[in-house]
Amino acid sequence: MKTRKLISRLYQIFPRSLAEPWDHVGSMIGPVPEETTRVALALDLDATSLRLSAEKGAGLIITHHPVFFGPRAKVLLENEERRSLYEEARRLGIAVYSFHTNFDAKFPEGMNAALASRLGLLDVAPFPSAPLAVGGRLKEKMGVEAFASYARERLGADYGLLLPYGSKEIETVAIVGGGGSSFWMEARLEGYDIYVSGDAPHHTRRDIANAGYNYLDLPHEIEGIFVERMTEILLNIDQTLTIVPILHEGQPLLVK
């Protein structure tokens, strides 16, 4: 398929206008090959994902997290690791695009809708106050600890950190994949029994506890569902594409 046509179709589904103002999405490394037959999908561009993509003959890598957080010229000047990846990708003739918060926010195709689906939530809808977040209800109520175990298993997390300071029974659930802990107040105001996200710092955890609310912190790597969802979308665009899934990033070890 013509690469620019493929990217254009992806932008139609995940427009850049959906990205958060601080985010950097779209073209990361060029030039774009004229034709694309193999697409590698990964959460991040790093030495391993670049090597595996090259070994599998992918001329295009689509990542979830941007290669550059900040102006490209500035990052290339100051970050040796990013500069090395950039130069190696160009040497290999591999183009890289990133679909980050524009992927997260798109409903129902995006990240958080996919996570809600994996949890089996019903009546899922995005927040009016925070479009990145979605919420829905469980088929049956669960105790808060039972829900935490259920969510950890369903989302493929090796561990979870539960703040059980709200309702003891869970029926309604809100979720943002990755580092979305700052949206917990919106989830509480929207009336959800528990909020699921990750990367909550100490003071955010204390605020949640002092507010008497439930929060389940799961590792950022549950966003690996990006690879599965983006695979479906790409094959809906062109069934002849070969998809190279790259999920090499292990979760942190929980030391007890």
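Residues numbered from 1 in each chain as written. Predicted model: local features only at pLDDT ≥ 70, side-chain atom pairs only at ≥ 80, totals over all residues. Heavy atoms only, no water.

1. Comments concerning the packing of helix H6 (residues 111-118) against helix H10 (residues 225-237)
With their axes 10 Å apart at the nearest point, H6 and H10 run at an angle of 105° to one another. Here H6 lies roughly perpendicular to H10, going by the angle between them. Of the residues in H10, those in contact with Met111, Ala114, Leu115 and Arg118 of H6 are Ile225, Phe226, Glu228 and Arg229. Of the residues belonging to the contact of H6 with H10, the class tally is five nonpolar, no polar and three charged. (Axes fitted to C-alpha atoms, helices over the stretch in contact; angles between N-to-C directions. Helix = DSSP H or I, 4+ residues; strand = E, 2+ residues; numbered from the N terminus. Parallel < 35°, antiparallel > 145°, perpendicular 65-115°, else oblique. Contact = heavy atoms within 4.5 Å. Nonpolar A, V, L, I, M, F, W, Y, C, P; charged D, E, K, R; others polar.)

2. Topic: unusual backbone geometry
Across the junction of Gly30 and Pro31, the peptide omega takes the value 0°, indicating a cis bond. Among the structural elements, Pro31 can be located in the loop between strand E1 (26-29) and strand E2 (38-42). The amide bond that connects Phe107 to the next residue, Pro108, takes the cis arrangement and shows omega of 10°. Within the element layout of this structure, Pro108 appears in the loop between helix H5 (101-105) and H6. Positive phi, normally seen in glycine, also occurs at Asp123, with a value near 55°. With respect to the helices and strands, the residue Asp123 is situated in strand E5 (residues 122-126). Located in the positive-phi region is Asp199, a residue other than glycine, with phi close to 60°. Counting through the fold element by element, Asp199 comes out in the loop between strand E9 (194-197) and helix H9 (202-210). Look at Asp199 and you get partly exposed, because its relative accessible area is 46%. (Buried < 20%, exposed > 50% of the residue type's maximum accessible area, 1.4 Å probe, protein only.)

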